[in-house]
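Architecture at a glance
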Amino acid sequence: KAGVTQTPRYLIKTRGQQVTLSCSPISGHRSVSWYQQTPGQGLQFLFEYFSETQRNKGNFPGRFSGRQFSNSRSEMNVSTLELGDSALYLCASSLYPSGEQETQYFGPGTRLLVL
Amino acid sequence: AQKVTQAQTEISVVEKEDVTLDCVYETRDTTYYLFWYKQPPSGELVFLIRRNSFDEQNEISGRYSWNFQKSTSSFNFTITASQVVDSAVYFCALSDSRVLSGAGSYQLTFGKGTKLSVIP
């Protein structure tokens, strides 16, 4: 069974640009969560999608958005990039939404560098 | 506001030693969830355990065990007979109960992580 895949793996953008990252969950998984990891702020939760609906959202500005498609693939978009958006963006999938018995499986991450 | 403290920034142990990673949390919620994750040098996070605030039973999974003590707001993680493959950064995290209801916004707070190096 293929694991969680994230594309691209590495990305370089300049300030002011926008970026779209993609996450394909494990086949059959319907929940996708996104996380940001930076040296300064550490790991932070961005949002969670289940069946094309955003279920939960962390404390990030509106420049960060996401969506989930009918095949459970998810994209996250960051508009008007800032230097501080440079980070490792991790995606995790699970069968159902965050709950008692759910195990999350993480992808390898997309490393974004904003210049 | 929630807070997770992993006071040990880095720990080094010799292979086969036991090691305990500390996690202390703060929350005003009565219902909450605690997690441990592992991030090996490859960078891919690995989910280890989720525990809710009503279940104070200790958990054992192979060489891993977790000690949850509400009285001291701690959720410590012990690796028995450590191996080189255990070398990683370990994160403890805390979430509020809204995660289950899909209430929209909820808090999930990670600790800064403890880097464990197991020396052969």
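Placed above this text is the structure.
About the criteria used
Residues numbered from 1 in each chain as written. Chains lettered and ligands numbered in written order. Predicted model: local features only at pLDDT ≥ 70, side-chain atom pairs only at ≥ 80, totals over all residues. Heavy atoms only, no water. Buried < 20%, exposed > 50% of the residue type's maximum accessible area, 1.4 Å probe, protein only. Helix = DSSP H or I, 4+ residues; strand = E, 2+ residues; numbered from the N terminus. Pairing = 2+ DSSP bridges. Axes fitted to C-alpha atoms, helices over the stretch in contact; angles between N-to-C directions.

Here we look at the pairing of strand β5 (residues 32–39) of chain B
Residues and elements named next belong to chain B. Burial analysis of β5 places eight of its eight residues in the buried class, which makes it a mostly covered element. The pairing of β5 with strand β10 (residues 88–96) spans eight bridges and is classified as antiparallel. The partner of Tyr-37 across the bridge, within β10, is Phe-91. Sheet analysis places β5 next to strand β6 (residues 46–52), joined by six bridges and oriented antiparallel. Following the sheet pairing, Lys-38 is matched in β6 by Val-46. In this structure, the hairpin formed by β5 and β6 is closed by a connection of six residues, where Gly-43 is found at a positive phi of approximately 100 degrees.

Some words on the sheet that holds strand β8 (residues 74–78) of chain A
Hydrogen bonding along the main chain pairs the strands of a sheet, whether they run parallel or antiparallel. Residues and elements named next belong to chain A. Here we have four strands laid out as an open sheet, ordered β1-β3-β8-β7, and antiparallel in their pairing. The outermost strands of the open sheet, each flanked by one partner alone, are β1 (5–7) and β7 (64–68). Averaged over all neighbouring strand pairs, the angle between strand axes comes to 20 degrees, with direction disregarded. Relative to β8, β7 runs antiparallel, the two being bridged by five bridges. By the bridge assignment, Gly-66 is partnered in β8 with Met-76.

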